[in-house]
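# Working through the structure, step by step
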Amino acid sequence: MSTTPTPARRALVTGASSGIGAAVVRRLRAEGWQVVASARRADRLEALAAETGAEAYPLDVTDEAAVAALATHLEATGGLDAVVNNAGGALGLDRVEDGDLDGWRQMYELNVLGTLRVTQAVLPLLRASARAQGSDGGADVVVVTSTAAHGAYEGGAGYTGVKHAERMLTTTLRWEIAGEPIRVMEIAPGNVATEEFSLVRFDGDAERAAAVYEGYQPLVADDIADAVTWALTRPAHVNTDLMVIRPRAQAHNQKIARTGV
């Protein structure tokens with residue numbers, strides 16, 4: 001019987017400098033994974049790396065050359081078993097008739113094309129990892145979308161549009177690579193109170209951002225990190241196609257019972 005220890009699985013997490021991404025890094029590291037934490041803000045990544053033992057890799061997912069360089073780095077330093085596409089965000093709450101074209105374009109570039117670039121770049125590494133593990137192994141693509149990917153709401157066409165596109169990217173990839181030992185999984189959170197999501201969406205308006213979460217108990221980043229980690233740690237033959245996670249008080253995107261619970 002071999003006594004050679006099984007090497008820790010290695011995951012790339014994008015958008016890891018705060019919120020859900022940082023929580024996923026912490027949770028995976030606690031579970032014994034090797035983690036490459038990527039985001040644009042190098043100072044935050046370095047602090048997270050010092051805290052968790054993850055590898056910090058500054059990255060702008062909208063930069064094609066930078067994403068290609070990341071893939072080269074991953075290949076040269078041990079390959080990759082999983083990617084958690086978490087980088088994304090919302091800008092504004094504009095009605096269609098006065099939607100900000102630049103904001104919509106930025107959201108599409110970050111949420112959709114960023115996910116596409118990263119997934120395309122690391123897919124060969126995931127295939128190589130799955131082959132190396134043999135019949136009992138596999139690799140994983142996780143995409144963190146939003147309940148905005150599953151419904152519309154007034155003022156949200158820009159964000160719901162890009163999240164619907166990200167959802168279709170994920171679903172289509174699953175169909176296209178069916179038969180390969182790679183799972184493709186979507187985690188779709190409802191309202192998650194993080195330090196930055198709504199603040200960024202409302203251009204730094206702290207009062208407006210705080211109002212999103214008033215009167216009920218929203219999700220927190222650790223709730224989504226728990227879901228991502230659960231999906232990644234199921235037996236290799238189990239694919240979590242879609243997990244929709246909302247606060248108890250949130251029945252759908254714009255119906256929230258603000259009753260204090």
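What this report covers is the structure whose coordinates are included nearby.

## Here we look at the pairing of strand β6 (residues 182-189)
The buried count for β6 comes to eight of eight residues, which makes it a mostly enclosed element. Alternating residues of β6 divide into I182, V184, E186 and A188 and R183, M185, I187 and P189, and every residue in both groups is buried. Read from strand β5 (residues 139-144) through helix α5 (residues 157-176) to β6, the crossover connection turns out right-handed.

## Things to note about the pairing of strand β3 (residues 55-58)
Looking at chain direction, strand β2 (residues 34-39) and β3 are connected through four bridges and run parallel. Bridge pairing in β3 places V36 opposite E55. Between β2 and its parallel partner β3, the chain crosses via helix α2 (residues 42-52), and the hand of that crossover is right-handed.

## A short note on the sheet that holds β6
With parallel pairing, seven strands are arranged side by side in an open sheet as β3-β2-β1-β4-β5-β6-β7. Each having just a single partner strand, β3 and β7 (242-245) make up the two edges of the open sheet. For this sheet the average axis-to-axis angle between neighbouring strands, irrespective of direction, equals 15°. Across three bridges, the pairing between strand β1 (residues 10-13) and strand β4 (residues 82-85) is parallel. Bridge assignment links L12 to a residue of β4, and that residue is V83. Packed onto the sheet, α5 meets β5 and β6 and runs at close to 155° relative to β6.

Quick notes on the rules
Within each chain, residues carry numbers counting from 1 in the order of the written sequence. The predicted origin of the model limits local features to residues at a pLDDT of at least 70 and limits the giving and counting of side-chain atom pairs to 80 or more, whereas totals for whole chains, interfaces and linings rest on all residues. Note that water and hydrogens are dropped before the side-chain values are worked out from all heavy atoms of the structure. Burial classes: relative accessible area under 20% of the type maximum marks a residue as buried, over 50% as exposed, and values in between as partly exposed (1.4 Å probe, protein chains only). Helical segments are the DSSP runs of H or I of at least four residues, strand segments are the runs of E of at least two, and each set is numbered from the N terminus. The path from the first strand over the helix to the second decides the hand: if it runs clockwise while the strands point away from the viewer, the crossover is right-handed. Any two strands with at least two DSSP-identified bridges between them are counted as paired. Only the stretch in contact is used when fitting a helix axis, every axis being a line fitted to C-alpha atoms; angles between N-to-C directions are given from 0 to 180 degrees. We call two residues contacting when some pair of their heavy atoms lies within 4.5 Å.

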